[in-house]
Amino acid sequence: MELKKETALVETILFLESEPVTEKAIVQKCIENLKEKYNDEATGIELAMITGGWTLVPKTVYWEQLKERYGEKNSGKLSKSAIETLSIIAYSQPVTRGEIESIRGVSAD
């Protein structure tokens, strides 16, 4: 249902503008609307720019309550074998499990 509203907004912008509107301008307007939507106190998430892209994140006011349970997920380190496997996947993709085992010389089990 929200997608229909977003589409209707873009349609309205295109209709009302006297000149053609760039994709960038339309996206920016949609981002502004999403920011406004998530700025409401009734939501627990907000729109944030991270590494050059937009994502939904927990509101900072709730982070103290959330980080004990959810903050630890990012602090774990990968084992040497996991890093090796991910390196093979990144370099050789698409790659099958059998190919990974052949390259590493050990079973993936």
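Being a predicted model, the structure only gives us computed values, none of them experimental.

### Quick notes on the overall build of the chain
- Summing up its helical and strand segments, the chain has 5 helices and 2 strands in all.
- When the elements of the chain are put in sequence order from the N terminus, they spell out α-α-β-β-α-α-α.
- Taken over C-alpha atoms, the radius of gyration comes to 22 Å for the chain, far larger than the 13 Å a tight globule of 109 residues would show.
- Taken over the C-alpha atoms alone, the chain extends approximately 65 × 40 × 25 Å along its principal axes.
- Taken across its 109 residues, the chain has 12% of its residues classed as buried.

### Focus on the side chain of Thr 43
- Tracing the chain through its elements places Thr 43 in the loop between α2 (23-38) and β1 (45-50).
- In this structure the side chain of Thr 43 is engaged in a polar contact, spanning 3.0 Å, whose partner is the backbone oxygen of Tyr 38.
- Discounting residues that sit within four places of it in the chain, Thr 43 has contacts with Lys 37, Tyr 38, Lys 59 and Tyr 62.

### Re the pairing of strand β2 (residues 53-58)
- Pairing analysis gives 6 bridges linking β1 to β2, with the strands arranged antiparallel. Residue Ile 45 lies in a different strand from β2, and its bridge partner there is Pro 58.
- Two successive antiparallel strands, β1 and β2, enclose a turn made up of 2 residues, where Thr 51 displays a positive phi of approximately 45°.

### As for the pattern of salt bridges
- Across all of its chains, the model carries 2 salt bridges by this definition.
- Taking the shortest distance from any N to any O, the salt bridge between Glu 84 and Arg 104 comes out at 2.9 Å. Of this pair, Glu 84 sits in helix α4 (residues 80-92) while Arg 104 is found in helix α5 (residues 97-104), placing the two residues 20 residues apart along the sequence.
- You can call Glu 84 partly exposed: its relative accessible area is 33%.
- Here Arg 104 falls in the partly exposed class, since its relative accessible area comes to 22%.
- As a salt-bridge pair, Glu 101 and Arg 97 come within 3.4 Å of each other at their nearest N and O atoms. Linking Glu 101 with Arg 97, this pair stays in helix α5, spanning 4 residues, or about one helical turn.
- Residue class for Arg 97 comes out partly exposed when judged on its relative accessible area of 49%.

### Points about the confidence of the model for the chain
- The pLDDT averaged across the chain works out to 83; a share of 92% of its residues lies at or above 70.
- Averaged pLDDT values over the elements of the chain bottom out at 80 in helix α1 (residues 2-16) and peak at 88 in α5.

Criteria and cut-off values
Residues numbered from 1 in each chain as written. Predicted model: local features only at pLDDT ≥ 70, side-chain atom pairs only at ≥ 80, totals over all residues. Heavy atoms only, no water. Helix = DSSP H or I, 4+ residues; strand = E, 2+ residues; numbered from the N terminus. Rg over C-alpha atoms; globule rule 2.2 N^0.38 Å. Buried < 20%, exposed > 50% of the residue type's maximum accessible area, 1.4 Å probe, protein only. Polar contact = N/O pair within 3.5 Å; in protein donor to acceptor, adjacent residues only side chain to side chain. Contact = heavy atoms within 4.5 Å. Pairing = 2+ DSSP bridges. Salt bridge = Lys/Arg side-chain N within 4 Å of Asp/Glu carboxyl O. pLDDT = per-residue confidence, 0-100.

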